[in-house]
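Structure assessment
Residues per chain are reported as follows:
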Amino acid sequence: MEFLLGYRPLFDVFLLHTGYALGQYIVLRAGVFSVANAGLSSIGAYLAAGLTLKLGVHPYLSLLAGTLAGVVFALLLSWPLARLRGVYQAIATLAFVQVVLSVNVFAEPLTGGAMGLNGIPRVVGTWTLLIAVGATIYLMTAIGATRLGRAFDAVRQDEAVAVSLGVSVTRTQSVAFAISGAVAGLFGGLEAFHGYALEPNQFGFSFLVAILSYVVLGGRRSVIGPVVGTAVLVALPEIARPLAEYRMLVYGALLVAVIAYLPRGIVDTLLDYLRRQHMAARAASTAGRQS
Amino acid sequence: MIVQQLLNGLVVGGVYALFALGFTLVFGIHQILNLAHGAVFMTGAFIALYTVLAGWPLWLGFILAIAGSGLLSVLIEVVAFRKLRQSGEAEFGAIVSSIGVNLIIVTVAQKVSNTLVLRFPFDTFPIVIYEFFGLRVSALQLFMAACAVALVLLLTLYLYRTQFGRQVRAVAGNERAAKLLGINPDLVYFQTFFLSGALAGAAGVLVGLAFNSIHFMMGEPWLLRGFVVIILGGLGSIPGAMLAGLLFGMIQTMTIAYFPSGLTDAIIFSLLFLLLLIRPHGLLGRPEAGAMRGR
């Protein structure tokens, strides 16, 4: 029990980051190369913390407001982004993240500027995070089994085919954006109420890079992918602790190695392998029966 | 006053152009967004600095920096991208892979420099100020402008006037077709990555000299602004990157001079966002450069 308690902060980080990774996963699944989640999480976190600190709103209502703000900003973004594709979307959303970051530093009376916000009540514990992550995973899995999930896959794989099947690319991607914004905003708010303090650079370029790596390393076609990717990358610096300042070196080398040998990510490659084994076994058994 | 600011902006813009050219070259030819480009830039500044600190002259440091960062960039291609290329998942993969490489280089640089902000020794570059028609130009600024122009000219000559350049452009057009015509793509990758790294390294030395502050994180803001420049010019467009670099240098100097300093990034990145909405392919980009292509 002692052992587990010692790792509880790490587990909390894992849960928070899993939430962020899932928010990123859903847009990628719908074929939108958006990295706006860092900005959306920042908005959610600051709005939630600000409402409670400055106006005395109940933390749970603030969390709701943060989530809604994520949705609103995501929808606002999705409209212009529908004109762009691929890397251009990534760079436009990167610009959005930078704008949020610098406005955040500039608007000192509201956001505390570079110092950030302090003394946020800590109302979110491991259990709340577990419930939030569980609910998000459930939501993502449920979406996967519906018409909407299939529309996401169709749009990602081939837009022309999706359109010919009567799927509106713009609307499907807006829905993905809205869900992603909700998840990003919610987990931003949870982070605010979990860590006592917020500072603007927390949601900067390195945050964006970390979340994207979780999803790509784990695999971006199944819901488990981002969870596994986050687990590996959050645990790694901890496991490599004896290496002290070289541990980021190991982290970097792992990213390079995994992407080189498992370009689809850990989980997707594994699932493909299992599926192929299964098919091969089935083919062998039918062949055996025929002869 | 405003002309002086424009002039200063133009000089900084030349360096932005150098940085962005290498970035856009690799993207335009191989469709790889190399996020380790900022780290290569930083490495260039480090090599020149340590050469000078070891007592060697600056020109040698400059040459070593160009060669060293070019080779580093080639190494990145071999280690991080070569295997990935064959898998057909390069667009996402290359981004994460280069994030990994970036982490490795930055960690090594942090270790080497003990997390310190380093400076070139005083008087590494003679401080001379010339005055033309009431405009003040330092010798360093002239040197920066001359380097930028010379390197850009060399690159253009290489790409458009030599056999190698023709091969590079053939691979950019269609890698499969180029292979069928007997062009070895690995050799082309070697060249583009070397050129890209060398340009970044040169930019790193110039920035190190101009701002006299060299540290292991210096690449990140340049990488972020590099995005703005290459998008502004149109991804993969070489004249676009040059023009956009100059324009960007001037816009940045103007916003720093005439707006609250905290808002510089907000203004620059908002402009980028707006530009993408009006001209999704940048100023000189063409639709087939990839903006509207699906994954």
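Residues numbered from 1 in each chain as written. Chains lettered and ligands numbered in written order. Predicted model: local features only at pLDDT ≥ 70, side-chain atom pairs only at ≥ 80, totals over all residues.

Turning to the overall build of chain B, a few remarks are in order. Counting secondary structure elements, chain B contains eleven helices and two strands. Reading chain B from its N end, one meets helices and strands in the order α-α-α-α-β-β-α-α-α-α-α-α-α. Scaling as 2.2 N^0.38, a compact globule of 295 residues should have a C-alpha radius of gyration of about 19 Å, and chain B matches this with 19 Å. With respect to the principal axes defined by its C-alpha atoms, chain B has extents near 55 × 45 × 35 Å. A burial count over chain B gives 52% of its 295 residues as buried. A separation threshold of at least 6 residues defines the contact pool for chain B, and within that pool the share at least 24 residues apart is 77%. (Helix = DSSP H or I, 4+ residues; strand = E, 2+ residues; numbered from the N terminus. Rg over C-alpha atoms; globule rule 2.2 N^0.38 Å. Buried ≥ 20, exposed ≤ 12 C-beta atoms within 10 Å, placed from the backbone. Contact = placed C-beta atoms within 7 Å.)

All right, on to the overall build of chain A then. A count of helices and strands for chain A gives 14 helices and zero strands. Each helix and strand of chain A, placed in order from N terminus to C terminus, yields the pattern α-α-α-α-α-α-α-α-α-α-α-α-α-α. A globule of 291 residues ought to have a C-alpha radius of gyration of about 19 Å, and chain A, at 20 Å, matches this closely. Its C-alpha atoms give chain A principal-axis dimensions of roughly 80 × 50 × 30 Å. Buried residues in chain A amount to 52% of all 291 residues. Taking contacts inside chain A between residues at least 6 apart in sequence as the whole, the part at least 24 apart equals 78%.

What follows deals with the packing of helix α9 (residues 219–233) of chain B against helix α11 (residues 264–278) of chain B. All names here are of chain B. One can describe the packing of α9 onto α11 by two numbers: an axis separation of 10 Å at closest approach and a directional angle of 30°. Looking at the two axes, α9 sits roughly parallel to α11. When you trace α9 past α11, the crossing you get is left-handed. Taking contact as the criterion, the partners of V228, I231 and L232 in α9 are, on α11, I268, F269, L272, L275 and L276. Along the lines of polarity and charge, the residues of the contact of α9 with α11 split into eight nonpolar, no polar and no charged. (Axes fitted to C-alpha atoms, helices over the stretch in contact; angles between N-to-C directions. Parallel < 35°, antiparallel > 145°, perpendicular 65-115°, else oblique. Left-handed = near helix turned anticlockwise from the far one by under 90°. Nonpolar A, V, L, I, M, F, W, Y, C, P; charged D, E, K, R; others polar.)

Let us now look at the interface of chain A and chain B. Facing the 38 residues of chain A at the interface are 41 residues of chain B. Broken down by secondary-structure element, the contributors of at least two residues to the side of chain A that touches chain B are α5 (86–106), α11 (205–218) and α13 (247–261) of chain A. Per-element accounting of the side of chain A that touches chain B gives the leading share, 14 residues, to α5 of chain A.

Below, the discussion takes up the nonpolar core. By size, the foremost hydrophobic cluster in this structure holds 188 residues, and its most contacted members are V15, A17, L18, F19, A20, L21 and A203 of chain B. Ignoring anything within four residues of it in the chain, the contact list for A20 of chain B reads G226, V229, I230, A241, A244 and G245 of chain B. (Core = buried A, V, L, I, M, F, W, Y, C linked by C-beta atoms within 7 Å.)

Residues and elements named next belong to chain A. Its place among the elements puts V103 in helix α5. Judged by the 20 C-beta atoms lying within 10 Å of it, V103 falls in the buried class. Along the primary structure V103 and G113 are separated by ten residues, whereas in three dimensions their C-alpha atoms are 8.8 Å apart.

A few words on the packing of helix α3 (residues 58–85) of chain B against helix α8 (residues 185–211) of chain B. Residues and elements named next belong to chain B. At a minimum axis separation of 7 Å, α3 and α8 run at an interaxial angle of 135°. In terms of orientation, α3 and α8 fall into the oblique class. For the crossing formed where α3 meets α8, the hand is right-handed. Residues F62, A65, I66, G68, S69, G70, L72, S73, V74, I76 and E77 of α3 pack against Y189, F190, F193, F194, S196, G197, A198, A200, G201, A202, G204 and V205 of α8. Counted by class, the contact of α3 with α8 contains 14 nonpolar, eight polar and one charged residues.

On to α11 of chain A, then. Residue and element names in this part refer to chain A. Its 14 residues place the ends of α11 20 Å apart at the C-alpha level, agreeing with the 20 Å of an ideal helix rising 1.5 Å per residue. Across the 14 residues of α11, ten count as buried, placing the element largely inside the fold. For α11, the set of buried residues is F207, L208, I211, L212, S213, Y214, V215, V216, L217 and G218. The first or second residue beyond α11 is G219, which carries a positive phi of 125°. (Expected span 1.5 Å × (residues − 1).)

Residue and element names in this part refer to chain B. If you check the backbone angles, N114 has positive phi at about 55° while not being a glycine. Relative to the assigned elements, N114 resides in the loop between α4 (90–113) and β1 (129–132). Taking the number of C-beta atoms within 10 Å as the measure of exposure, N114 has 8 and is therefore exposed. The phi dihedral of T115 is positive, around 60°, even though this residue is not glycine. With respect to the element layout, T115 can be found in the loop between α4 and β1.

Bringing the environment of L51 of chain A into the picture now. All names here are of chain A. Considering the arrangement of structural elements, one finds L51 in helix α3 (residues 37–55). When the 21 C-beta atoms within 10 Å are taken as the criterion, L51 is described as buried. Once the C-alpha coordinates of L51 and L63 are considered, the two residues, twelve residues apart in sequence, prove to be 9.3 Å apart. In this view, L51 contacts V57, S62 and A65; residues no more than four positions away in its chain are not counted.

Pairing between β1 of chain B and strand β2 (residues 135–138) of chain B: four bridges, direction antiparallel. Within β2 of chain B, the position partnered with Y130 of chain B by the bridge is V137 of chain B. (Pairing = 2+ DSSP bridges.)

To continue, consider the environment of A178 of chain A. All names here are of chain A. Looking at where A178 falls in the secondary structure, it is placed in helix α10 (residues 169–192). Taking the C-alpha atoms as reference points, A178 and I26, 152 residues apart in sequence, are found 9.8 Å from one another. Residues contacting A178, with those up to four places away along its chain left out, are V71, A74 and L75.

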